[in-house]
Number of protein chains: 2
Amino acid sequence: MSRDRRNILFVMCDQLRWDYLACTGHPRLRTPNIDALAARGVLFSRAYCQSPICGSSRMSFYTGRYVDSHGAAWNNFPLKVGELTLGDHLRALGVRTALVGKTHMAADVEGMARLGIDPGSQIGVRVAECGFDPFERDDGLHGAGPAGKYDPREPRYNAWLREQGYDGENPWEDWANAALDEDGNLLSGWLLRNSSRPARVKAEHSETPYMTQRALDFIDAAGSESWCLHLSYIKPHWPCIAPAPYHAMYSAADVPPAVRSRAERHDPHPLYRQFMDLRVSRAFSRDDVRAAVIPAYMGLVAQIDDAIGVLMDGLRARGLLESTLIVFTSDHGDYLGDHWLGEKDLFHDPSAKIPLIVVDPSPAADGTRGTVCAALAESIDLAPTFVDFAGGAVPAHILEGRPLQPWLHGRPPVRWREVAISEYDYSMTPAAEALGVAPIDARAFMVRDNRYKFVHAEGLRPMLFDLADDPNELVDRGADPAYAPQRERLFALLNRWARRQSQRTTISDAQIGLRRGGSQQQGILIGYWDEAEVPADVLPEKWRGALARRGPGP
Amino acid sequence: MSRDRRNILFVMCDQLRWDYLACTGHPRLRTPNIDALAARGVLFSRAYCQSPICGSSRMSFYTGRYVDSHGAAWNNFPLKVGELTLGDHLRALGVRTALVGKTHMAADVEGMARLGIDPGSQIGVRVAECGFDPFERDDGLHGAGPAGKYDPREPRYNAWLREQGYDGENPWEDWANAALDEDGNLLSGWLLRNSSRPARVKAEHSETPYMTQRALDFIDAAGSESWCLHLSYIKPHWPCIAPAPYHAMYSAADVPPAVRSRAERHDPHPLYRQFMDLRVSRAFSRDDVRAAVIPAYMGLVAQIDDAIGVLMDGLRARGLLESTLIVFTSDHGDYLGDHWLGEKDLFHDPSAKIPLIVVDPSPAADGTRGTVCAALAESIDLAPTFVDFAGGAVPAHILEGRPLQPWLHGRPPVRWREVAISEYDYSMTPAAEALGVAPIDARAFMVRDNRYKFVHAEGLRPMLFDLADDPNELVDRGADPAYAPQRERLFALLNRWARRQSQRTTISDAQIGLRRGGSQQQGILIGYWDEAEVPADVLPEKWRGALARRGPGP
């Protein structure tokens with residue numbers, strides 16, 4: 001019975017670096033539960049997000065389309081009302097598609113009004129929530145300042161925290177993401193210096209266990225329905241502060257040295273220079289900042305690992321472990337001081353590469369369990385993977401990714417993508433102004449093949465890394481004449497991608513095939529000289545008098 | 001009073017070649033009323049449609065966006081429900097936007113259902129009618145065959161014809177687009193041999209005068225409202241048959257010789273070869289076909305010219321002539337046997353170039369009346385031109401064309417487009433199958449600068465014409481080594497265009513500028529080490545205790 005149920009548990013972390021897991025090579029972090037997932041599934045070792053920033057990356061995960069195609073190119077740029085999402089594709093297959101946690105979705109309120117879509121209706125809620133039925137939407141960023149709240153939605157989590165005795169207007173900020181100093185003063189989790197302190201909430205009251213329990217609540221509520229649950233943790237995204245005991249689980253001694261070189265600061269690419277110059281990059285270029293923040297980051301990852309254990313126990317207890325496709329991934333990474341950078345945004349692996357583990361419960365996947373797959377994977381591959389798992393035909397004219405099942409089932413496809421693409425729209429950043437680039441042109445592209453990583457930013461020189469002899473991406477070959485042929489080759493692949501058909505989403509290749517020549521069967525006769533030339537099956541009776549009079553010749 | 005009314009009369013012909021007007025150089029055709037428009041306005045001598053096929057071209061006219069952007073890449077490929085149209089932009093400015101005639105719009109019925117849009121509601125009708133309020137929608141193609149009707153909508157014109165005494169189930173086909181032979185047998189206007197006969201309807205009952213009267217009916221119905229009326233004639237599109245006296249106004253002696261050379265048939269570009277091989281191309285390569293059909297085509301143009309006279313008289317009589325922006329154009333051209341081709345589809349000027357006359361009633365345009373403008377114009381320029389005329393700010397993040405007012409007002413812009421782009425999706429044609437190209441890849445692009453025309457079709461060699469020494473496009477330089485630098489330059493411009501930001505339509509550059517740095521004012525504080533670093537204007541009061549204890553230093 002339970003084996004027939006085809007559920008999907010789509011777990012996303014926020015800002016989790018691909019290499020901050022034991023199973024992807026972190027020397028000190030212990031992540032036994034995530035490692036156990038990798039042992040049961042396939043770990044994709046070359047997976048990239050479509051854009052190294054929360055909102056745009058997620059819109060690609062959820063639409064199965066490149067940022068260039070869906071247009072939601074930065075945080076809070078609304079996703080156009082007409083874009084199809086995972087929920088649209090899966091609901092059509094009878095799968096309830098729900099959300100617990102973060103999406104960073106900004107609704108196209110103007111578009112909804114233009115089309116008369118009531119935001120309170122079921123359709124309206126789905127359009128506004130990126131196709132999900134929100135069991136609990138919480139983007140986990142509840143800051144407020146002189147201009148008001150960043151996120152106007154009041155999270156259920158705040159009310160729940162108050163029920164647990166954490167008082168105040170915004171316990172998310174003042175308890176879950178804050179500490180106290182020795183005099184009882186409030187220390188904000190937004191400030192890096194405070195990362196080494198324990199958060200003011202008990203571990204069981206912090207966001208990760210809370211959302212984990214909400215996921216289990218959803219699973220119970222869903223009952224015997226097939227579902228796809230997007231469980232989307234805010235952590236280890238900033239504010240970077242962990243509750244006890246996680247805050248002290250790791251120390252500065254467990255922090256790998258920053259991957260950077262002095263040479264990187266010498267005549268860097270203009271866009272890279274701008275990002276090195278940001279406050280957050282200068283902060284993470286300091287060893288004391290890394291020593292204070294990264295152990296907390298690691299503690300938050302450890303807490304997520306514990307949550308994965310709880311989840312797996314929950315699935316097992318409900319008899320669902322053997323019938324659920326499980327994905328563990330992140331929306332993008334975090335530089336954490338590598339390459340003299342903080343945050344994400346650019347395309348070095350710490351930022352653009354993502355952890356990706358897929359556990360397919362199908363017997364067809366038994367042969368690949370515990371293996372590592374080095375195929376270039378993109379985050380847009382998940383939507384078609386889910387559609388395929390749910391028994392649907394993948395609408396390739398809409399979904400730009402490719403199902404991962406061939407890799408999961410040990411039947412590698414004859415042809416796979418030659419390059420992974422990632423994009424970044426820096427129009428909202430100080431770099432655009434500093435470089436004098438208009439918002440519409442402020443975009444950069446990553447093109448990564450099996451050996452090289454090429455970066456093109458409009459109007460600027462390229463960047464190039466040869467990952468075979470420079471796996472840490474420390475030597476930019478973007479201006480090295482010896483690498484001109486590689487740059488040209490990769491630029492041509494970018495251009496081929498840019499010329500792809502991406503908006504012809506209302507008709508499939510198969511439908512086109514079926515329609516060919518159809519108009520002649522509907523009386524549209526083009527290029528015929530006379531009645532004699534018209535094929536008998538489309539020659540109307542009423543024209544036969546003239547044909548008879550003329551005879552068959554011209 | 002009437003000068004304050006800002007109306008727009010947007011007249012489109014179907015399949016009217018740019019050079020089949022006296023004012024654009026036809027040696028025999030008389031088009032005094034259209035010439036008079038040119039004398040009152042600006043004639044754009046290098047205007048291109050966005051795609052040389054009805055439906056896609058029109059979707060670009062109506063959305064102000066490239067085919068690559070809106071995705072309705074061929075006839076009856078539905079326009080996505082979320083795409084904004086002329087009607088959306090103009091209605092927001094208080095302009096009633098209506099249709100009389102053809103659009104070739106295919107509604108995104110699935111998208112509408114997904115979003116809960118009732119096709120019978122006002123919004124639903126507009127979505128289904130490409131943003132227009134249909135005063136009279138009639139695509140003018142009412143063929144029927146074994147698979148049913150090409151266009152399921154029954155035209156009002158058929159009922160009207162019956163009222164005039166033309167009986168039968170489909171008087172559009174059997175009267176307006178048919179003739180009789182000497183024995184009284186029905187001769188179909190679909191068949192080229194019959195083009196020289198007079199249609200069975202009186203001239204005043206044929207489609208062009210009927211739609212002209214309907215336009216005047218709309219203008220009367222609109223009363224004192226501001227309006228944009230799209231009057232969209234089906235003619236001189238096939239079925240190519242004209243009523244008396246237009247059927248005999250021109251003869252074979254008035255038909256210019258076909259522009260073609262034997263050399264074109266030697267080793268042609270593979271896509272060109274496929275189109276030369278079509279039935280309609282082989283037909284129009286015959287001189288007897290041209291002699292039979294083109295005089296009728298010219299008669300249909302003459303009839304449109306008379307209709308323009310009626311329209312101008314109608315505007316004058318209503319006091320509207322001096323306050324109405326008038327556009328006269330076509331959706332694309334017709335090869336008529338040039339280059340051994342019939343129909344349209346490819347990018348030679350007879351197909352991709354369009355007639356374009358714009359009469360701006362503003363005093364600012366007085367200095368340019370009767371002039372010819374050789375700037376590269378694209379059909380997507382009309383939507384922003386209309387928005388500008390209606391007093392709106394052009395939403396450049398949505399509309400990809402540029403307003404023509406700088407040219408109309410004699411203030412040429414410092415920077416204008418370097419190339420005009422046109423696109424063609426040949427996935428529905430036999431060429432795709434013959435060349436073994438998958439539907440998704442079956443696309444070609446034209447890049448035309450002030451001297452050259454470059455054509456790129458995915459997977460095939462390029463085409464290139466040097467219009468300075470080969471204005472008739474008879475010598476394809478696509479494989480000539482001497483022209484490699486030009487091909488590379490134009491291909492790079494195509495690629496730059498392909499990499500443009502086209503889907504970020506929910507936020508403008510201006511809004512991006514205003515939002516920059518905004519999240520910090522909403523409490524999102526990134527990269528600050530401690531309270532002392534946080535700017536005073538965003539430092540919450542509740543953190544000041546910790547700051548006071550620590551002091552301002554780190």
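Details of the structure are given in the entry above.
**Q** Quick question: what am I supposed to make of the relation of the copies chain A and chain B here?
**A** The operation linking the two copies of the chain is a rotation about an axis combined with a translation along the axis. Superposing chain A onto chain B requires a rotation of 180° together with a translation of 0.0 Å along the rotation axis, leaving an RMSD of 0.1 Å. One copy is carried onto the other by what is essentially a two-fold rotation axis. Using C-alpha coordinates, one finds that chain A approaches the rotation axis most closely at G82 of chain A, a distance of 2.2 Å. When you check the interface residues of chain A against chain B, 100% turn up at the interface there too, and the contact is symmetric in its surfaces.

**Q** Mind showing me how you'd approach the pairing of strand β12 (residues 356–359) of chain A here?
**A** Within a regular beta strand, the side chains point alternately toward one face of the sheet and then the other, so they alternate between its two faces. Residues and elements named next belong to chain A. By the alternation rule, side chains of β12 split into L356 and V358 and I357 and V359, which are all buried. Pairing of strand β2 (residues 42–48) with β12 involves 2 bridges; the strand directions are antiparallel. Across the sheet, the residue bridging to V42 is V358, located in β12. Bridge count for strand β10 (residues 324–330) against β12 is 4 bridges, and the pairing is antiparallel. Counterpart to F328 in the pairing with β12 is I357.

**Q** How should the packing of helix α1 (residues 32–40) of chain A against helix α12 (residues 287–317) of chain A be read in this particular structure?
**A** All names here are of chain A. The N-to-C vectors of α1 and α12 enclose an angle of 55°; their axes lie 7 Å apart at closest approach. Looking at the two axes, α1 sits oblique to α12. Contacts between α1 and α12 involve P32, N33, I34, L37 and R40 from the former and I304, D305, D306, I308, G309 and M312 from the latter. In terms of residue class, the contact of α1 with α12 is made up of 6 nonpolar, 2 polar and 3 charged.

**Q** Please explain helix α1 (residues 32–40) of chain B as it appears in this structure.
**A** Since one α-helical turn is 3.6 residues long, residues separated by three or four positions face the same way. Residues and elements named next belong to chain B. Inspection of α1 places I34, L37 and A38 among the buried residues, and these make up the whole buried set. Seen from one end, α1 has its buried residues packed into an arc of 100°, which puts them on one side. Against β2 (42–48), α12 (287–317), β10 (324–330) and β11 (356–359) lie the buried residues of α1.

Thresholds, definitions, all that
- Residues numbered from 1 in each chain as written.
- Chains lettered and ligands numbered in written order.
- Predicted model: local features only at pLDDT ≥ 70, side-chain atom pairs only at ≥ 80, totals over all residues.
- Heavy atoms only, no water.
- Least-squares fit on C-alpha atoms with pLDDT ≥ 70 in both.
- Contact = heavy atoms within 4.5 Å.
- Buried < 20%, exposed > 50% of the residue type's maximum accessible area, 1.4 Å probe, protein only.
- Helix = DSSP H or I, 4+ residues; strand = E, 2+ residues; numbered from the N terminus.
- Pairing = 2+ DSSP bridges.
- Axes fitted to C-alpha atoms, helices over the stretch in contact; angles between N-to-C directions.
- Parallel < 35°, antiparallel > 145°, perpendicular 65-115°, else oblique.
- Nonpolar A, V, L, I, M, F, W, Y, C, P; charged D, E, K, R; others polar.
- Arc of directions from axis to C-beta.

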